[in-house]
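# Tertiary structure, described
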Amino acid sequence: MELQRYSKVTGKNPREMVLLRAYPCKWGKCAFCDYTMDNCENTEEMVLENHKILQNITGDLGVLDVIDSASCFELPEQTVAELRSIVQEKNISKMFTECHYMYRKWLQKWREFFGIPIVFRCGVESFDNAFRNNVLKKGADFTSPQQVAEYFEAVCLMVGIQGQTKEMIRRDIEALEQYFSYGCVNIYTPNTTPFQADEKLIEWFREEYAYLENNPQIEILWHNEDLGVGAVLEGGGRQ
Ligand code: SF4
């Protein structure tokens, strides 16, 4: 599918951003997720497409954000090797990427392989254990934000999905501010799953947490294409 796969983020944390192709998410069971429709099992096709996307990187901001529609550890090996060459050639000094909690013990390997600081975002969605695992089916079996913070400097939270409460969101934002250096708050956008957005909750969040817009380390994505990647260039929807 033709998606916008390269962008330059000029707001908070200026960086170049690439949306690469990856193998199917190993977890693949989150009830609200249909990103897996961008996954692929054809290594050759992915490596070629990723090569073309990576050619856009100039290195002029010194920081690169690498995402795919799974975890970073589900990128083809050849793509990861090419990524490292580009990091070295273009003098990239810091990288952001993201992965599922199940990969928490793999982070150090990537840091050593790339030889630069890497900020890993963990897709937490909510620190409410019952909501995260029983409703959203996230399959992330930690029981406290501190456990996540032992491995990850950054988390992605979700706000405004049906079933969530103000109390859960309050506790989630509190945990983000207290334990993590970076955060990304994704306002839920309805997709092909049965989950609806809770518009009242989103409106409440917009007013209650307006001050977060001034926090340089917390990004709020009101739409899932706010960072300039993921928009459909032709044809139907992203998923
Ligand atoms: S871990 Fe991420 S990509 Fe995998 S199913 Fe869950 S939300 Fe989707």
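Notes on the structure in this doc start here. (Residues numbered from 1 in each chain as written. Predicted model: local features only at pLDDT ≥ 70, side-chain atom pairs only at ≥ 80, totals over all residues. Heavy atoms only, no water.)

## Observations concerning the pattern of salt bridges
- One pass over the structure, following the stated rule, counts 14 salt bridges.
- The shortest N-O distance in the salt bridge between E49 and R5 comes to 3.3 Å. Pair noted here: E49 is in helix α1 (residues 43-54) and R5 is in the segment before β1 (6-9), with a separation of 44 residues, a long-range link.
- A residue is classified by how much of its surface remains accessible, and E49, at 22% relative accessible area, is partly exposed.
- R206 is the partner of E203 in a salt bridge, and the nearest nitrogen-oxygen pair spans 3.6 Å. Note that E203 and R206 are positioned in helix α7 (residues 199-208) at a spacing of three residues, about one turn of the helix.
- Three or more residues are tied together by salt bridges with common partners; here these are R5, R21, D38, E45 and E49. (Salt bridge = Lys/Arg side-chain N within 4 Å of Asp/Glu carboxyl O. Helix = DSSP H or I, 4+ residues; strand = E, 2+ residues; numbered from the N terminus. Buried < 20%, exposed > 50% of the residue type's maximum accessible area, 1.4 Å probe, protein only.)

## Quick word on the site of the ligand
- Lining the immediate surroundings of the ligand are C25, G28, K29, C30, F32, C33, S69, A70, H100 and K138.
- Among the residues making up the shell around the ligand, the classes are represented as five nonpolar, three polar and two charged. (Near = heavy atom within 4 Å. Nonpolar A, V, L, I, M, F, W, Y, C, P; charged D, E, K, R; others polar.)

## Considering the packing of helix α2 (residues 77-89) against helix α3 (residues 107-114)
- In contact at an axis separation of 10 Å, α2 and α3 are set at 50° when each is read in the N-to-C sense. Our classification of the angle between α2 and α3 gives oblique. Taken together, the residues of α3 that come into contact with α2 (itself represented by V80, A81, L83, R84 and V87) are W110, F113 and F114.
- Its residues assigned to classes, the contact of α2 with α3 shows seven nonpolar, no polar and one charged. (Axes fitted to C-alpha atoms, helices over the stretch in contact; angles between N-to-C directions. Parallel < 35°, antiparallel > 145°, perpendicular 65-115°, else oblique. Contact = heavy atoms within 4.5 Å.)

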